[in-house]
Structures are given as C-alpha cells and as structure tokens.
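Chain residues, written in single-letter form:
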Amino acid sequence: MDARLKPYGVAIIIQLIYTGMFIVSKAAFDHGMSSYVFVFYRQAAGSVLLLPLAFLLNRRTARSMSFMVLLKLFFCALIGVTLSLNLYHVSLKFTSATVASATDNSAPAITFFLALLLRMEHVKLKSWSGIAKLTGVALCVTGVLVIAFYTGPGLSPVNHHRAFASHASGPSPPVANPTRGAWVKWTFLMVVANVAWSLWIVMQAAVLKEYPNKMLVTAVQCVFSTMQSFVVAAVAERDFSRWKLRLDISLLAIFYSGFVVIGAAYYLQAWCVEMKGPVFLAVWTPLCFVFTMFCSSFFLGEIVHLGSILGGVLLVGGFYSMLWGKSKESRIDDGAQEDEQVQHKKHAAKDKEGQDHEMG
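Since this is a predicted model, take the numbers as computed values, not measurements. (Residues numbered from 1 in each chain as written. Predicted model: local features only at pLDDT ≥ 70, side-chain atom pairs only at ≥ 80, totals over all residues. Heavy atoms only, no water.)

Quick look at the side chain of Arg242
Mapping Arg242 onto the fold places it in the loop between α8 (214-236) and α9 (249-276). There is a polar contact of 2.9 Å between the side chain of Arg242 and the backbone oxygen of Gly32. (Helix = DSSP H or I, 4+ residues; strand = E, 2+ residues; numbered from the N terminus. Polar contact = N/O pair within 3.5 Å; in protein donor to acceptor, adjacent residues only side chain to side chain.)

If you want it as structure tokens, here you go:
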C-alpha cells in the first residue's frame, strides 16, 4: 500500500474492528452471556495483554506512581471503564448493535458539555465555531430523542439465515424484544454510559498531565477495572454457572474485545493520531455506524428501524458539526499564535536595530 494511503486504510480498519466488537458482543448476549461477566472477562483479557507490554516497554524509563496518582486512576477506571462499560453492555443487550454504534457519536458533544461545565472549554456565541458547537449539541440531543421515542417502520434483514443463530447454545434464551418503555430506558442508559466515558476522557486528560505515560496509565486502569468489574459481576450474577466459558460466540467476543479492541485497535489509533492527528481519525467514526447497521442486519438478523437510522443521521450530523467548530477554532487560535510570534519577532528586530544604531 502507498505510504500516503496507509493512514486511510488504517482508519477504515479501526472502524471495522469496532463494528466487529458491536456485532460479536451483541451475539454473545443473545446467546445468554451475562453482560456483567462479559465485562470482567474482557478487562481481565486486556490486563493480561497490557501488563507485560507496559512492563517490557517501560521497565527502565518509567517513574513510580504516587498514591494520589493511583487513587485518581482508580476513580478514572471506576467511572470511565467499570461504570461506563457495564451500563453500555447491559443496554446493548436490550437494544441493538445499530443503536449502540449510533449513540457513540454523541460522545464528542457530551465531552464538550462536561468540559464547558468544568471551565476547561469555552464557546464564542458570536462566532461560527461557537454556533457549530451548540448546533452539534442540539443535533445530538435530538438524535437520541428520535432513537428513544420513534421506532418507525422496520427494514427487513439483509440475510435471513443468521451467521450467529442465538438458539445454538447458551445457558438462557435470548432476550425478548423490549417494550417501548424498556427501549426508552435502555437507550438513555446507553447515553449515560457515554456520559461516564466522556467524563473519563476529561479526567484522564488531567491525570496524563501529572503522569504522562499513556501505556502505564492504560494498563493500571485496566487492572483496576478488572478488580472492580469482578465485584460488580459477583454481586449481579450469583449463579456461578453463568461464569462458565464455552467454545462458542461468547468466548470469541471476550478474546476479540480483550485482545483485538484493547490491543490492536488502541495501537492503530495511537499510530493514526501520530501520523495524521486526532481530527483525521475522528472524521471516520460515523463510518462505524454504517458498517454496524449493515452487519447487524446481515449477521444477527436484526430489524433496523427507521427511527434508529434517522436518529443515527442526526447524531452523525451533530458529530461533524462539533468537529468542524472545534477544527475552525483551533485554526483561529493557531493563526493568532502565529501573528503574535510574528509581532514578537518584529519588535525584537526593531529593538536590535535600535541597539545597533546607538552603538554605531
């Protein structure tokens, strides 16, 4: 592959990996896998992968973490991983993979709103960038409301012979179609999960300023979340027969989420951001919604409703509006900094000329 095209290919692969996560996770839940047990096994698999890597890559250069840093990472893991993932996956169990991928596009708007409340962000109401940000928030809220309260006609599955048939195995029957009230509740709980995730982004940004080692910070949080998720799963699933792993889609989902998502996708994201910047990677995020909508219909036989499609389109529109506003604001700030540097150089040159004239 041409080196110039490589970041584009990597960005698409990242979205395909996340699409696979939505599909195999939903399939595992349809087979009767407990969402709480799933989160524990997923984080345990991620810890097994990340801990040796963190040790090998940082054994000579890493400095020790203070108690306060560890405490902050514990709460980061509790809010952004344990709480967020458990709410997210139990909501996925009772909604659909399409809804899950659609609501992911609300994360930038939620993060911006939280950063605004914490005074880490600002908005200029009289500028196009500020209007774009507020429009993005409004579109995201509207999209969530459409998904929650409007079902609309359903589209027939692309493939009527499902690849992941839920009757094949599992300790309990698949989840029945939720009622309207349950659908609304689980959709909003999925948004709450994204709020927790967005809060984690804000909190982690602060921790990384204090301890700027991404690999160790990620590994420590993964270990903390594994312990926390075990406590949650032990309380929620007291029937330990539900913890038994079988050679079926549930085991595939655990290894896929633990190794492919936490390992490969996180590495590819870091590489892509380093090569082209965070905005480039973010632009491709809505592609996951399109992939998931098709794959959930093809592999899971899900009926995709018009409400989910319209809501997803609004969320994607809000996502791009936020992205455009943030990008325009960054360009303006960069331009202002460049002008300031130019003015500084001019003043320095004049001062030097004045000094030379006096000496002459």
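Section: the pattern of salt bridges
Side chains that differ in sign of charge can pair as their charged atoms come close. Applying the stated criterion across every chain, the model contains three salt bridges. The closest approach of N and O atoms between Lys26 and Asp30, which form a salt bridge, is 3.7 Å. With Lys26 and Asp30 both in helix α1 (residues 6-30) and four residues apart, the pair spans about one turn of that helix. Side by side, Lys26 and Asp30 carry an identical accessibility label, which is buried. Close ionic contact of Lys72 with Glu210 constitutes a salt bridge, the shortest N to O distance being 2.7 Å. With Lys72 in helix α3 (residues 67-94) and Glu210 in helix α7 (residues 180-210), this residue pair connects regions lying 138 residues apart in the sequence. (Salt bridge = Lys/Arg side-chain N within 4 Å of Asp/Glu carboxyl O. Buried < 20%, exposed > 50% of the residue type's maximum accessible area, 1.4 Å probe, protein only.)

Some points on the side chain of Ser101
In this fold, Ser101 is placed in helix α4 (residues 97-103). Reaching out from Ser101, the side chain makes a polar contact with the backbone oxygen of Thr98 at a distance of 3.0 Å. Dropping the residues within four chain positions of it, Ser101 is found in contact with Phe22, Tyr88, Cys288, Phe289 and Thr292. (Contact = heavy atoms within 4.5 Å.)

Quick look at the confidence of the model for the protein
In the predicted model, the protein carries a mean pLDDT of 80, and the fraction of residues at 70 or more is 84%. For the protein, per-element mean pLDDT is lowest for helix α12 (residues 306-359), which scores 69, and highest for α3, which scores 92. Note on residues 167-174: pLDDT is under 50 here. Beyond four places in sequence and across chains, it has 14 contacts. (pLDDT = per-residue confidence, 0-100.)

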